[in-house]
Amino acid sequence: MNEQIVARHWLAIIAPKAAPVLATSTVLILARIWNANGAEHSVGNAVLMTALSLAAGAAGAFASAGYAGDPVIAGTAFATSGALALTGVAGYSDGLSLPLLLWVLATVAAYGLVARHWRTDRLTTIAHERHTTVRREEHAHIERVEALKAGAQIESARAGAAYAEQLATALITRAALPGFNPQALTDAGLPQLPATDRDAA
């Protein structure tokens, strides 16, 4: 069975692993740019980011606590809430130590959350590959058995045809012998042989 070989680019392999740190770093960089453009010690900006973060957190709690809660929506809302909180603190504070500390904590928390999903995806992929391998082996075994059966049937048909040809040759040769009397065979209780051109003559 032929399999398609797909070589993944190294960026496609690294990108999912680097996504959390890229996301938190982007938030930190944009927050520090916002800080340099007047967000530092701005009470209105701090209140706005706090309100947005609380609203996103409440939306995540509502989505996870609802009867028809969607874990993807809840996770997205909580991630948005954390990003807004990090942006507010990094944009409001005047020093860089607190934003860097929050960036490290957010990055570690993001990797801790996605590690479980990566493990689940890896286990699912491994289970799928095992299932595919088992099915492929089963199909290959069935194909081998059917090929053996077909070969045995072909050999049996060939042997039967060769036997029939040899029997016909023997009957013709025996009928051609001088002094052959098919009536003697019939009188002896043997089955009557089909009439030949010589008998008819």
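Residues numbered from 1 in each chain as written. Predicted model: local features only at pLDDT ≥ 70, side-chain atom pairs only at ≥ 80, totals over all residues. Heavy atoms only, no water.

Points about the overall build of the protein
Link 1 in the chain: Helices and strands together make up the secondary structure of the protein, namely six helices and zero strands.
Link 2 in the chain: Secondary structure of the protein in N-to-C order comes out as α-α-α-α-α-α.
Link 3 in the chain: Out of the 201 residues belonging to the protein, those deemed buried represent 15%.
Link 4 in the chain: Across the protein, the fraction of contacts at a sequence separation of at least 24, relative to all contacts at a separation of at least 6, is 60%. (Helix = DSSP H or I, 4+ residues; strand = E, 2+ residues; numbered from the N terminus. Buried < 20%, exposed > 50% of the residue type's maximum accessible area, 1.4 Å probe, protein only. Contact = heavy atoms within 4.5 Å.)

A closer look at the side chain of Thr107
Link 1 in the chain: The residue Thr107 is located in helix α4 (residues 97-175) in this model.
Link 2 in the chain: For Thr107, the residues in contact, after removing those within four places along its chain, are Val21 and Thr24.

Observations regarding the pattern of salt bridges
Link 1 in the chain: This model, assessed by the stated rule, comprises one salt bridge.
Link 2 in the chain: Across the salt bridge formed by Glu155 and Arg158, the nearest N and O atoms sit 3.3 Å from each other. One end of the pair, Glu155, and the other, Arg158, are both in helix α4, three residues apart, so they sit about a helical turn from each other. (Salt bridge = Lys/Arg side-chain N within 4 Å of Asp/Glu carboxyl O.)

A word on α4
Link 1 in the chain: The terminal C-alpha atoms of α4, which comprises 79 residues, lie 115 Å apart, in line with the 117 Å expected from a rise of 1.5 Å per residue.
Link 2 in the chain: Along α4, the helix axis deviates most sharply at Val114, where the bend reaches about 25 degrees.
Link 3 in the chain: When α4 is considered as a whole, its buried residues turn out to be Pro99, Thr107, Ala110 and Ala175. (Expected span 1.5 Å × (residues − 1). Bend = angle between axes of the 7 residues up to and from the residue.)

Focus: the confidence of the model for the protein
Link 1 in the chain: Looking at the protein, the pLDDT average stands at 78 and 80% of residues meet or exceed 70.
Link 2 in the chain: Looking at the elements of the protein, mean pLDDT is at its lowest for helix α6 (residues 197-200), recorded as 52, and at its highest for α4, recorded as 87. (pLDDT = per-residue confidence, 0-100.)

Some points on the environment of Ala19
Link 1 in the chain: In this fold, Ala19 is placed in helix α1 (residues 10-39).
Link 2 in the chain: Measuring from C-alpha to C-alpha, the distance between Ala19 and Ala110 comes to 9.5 Å, with 91 residues separating the pair along the chain.

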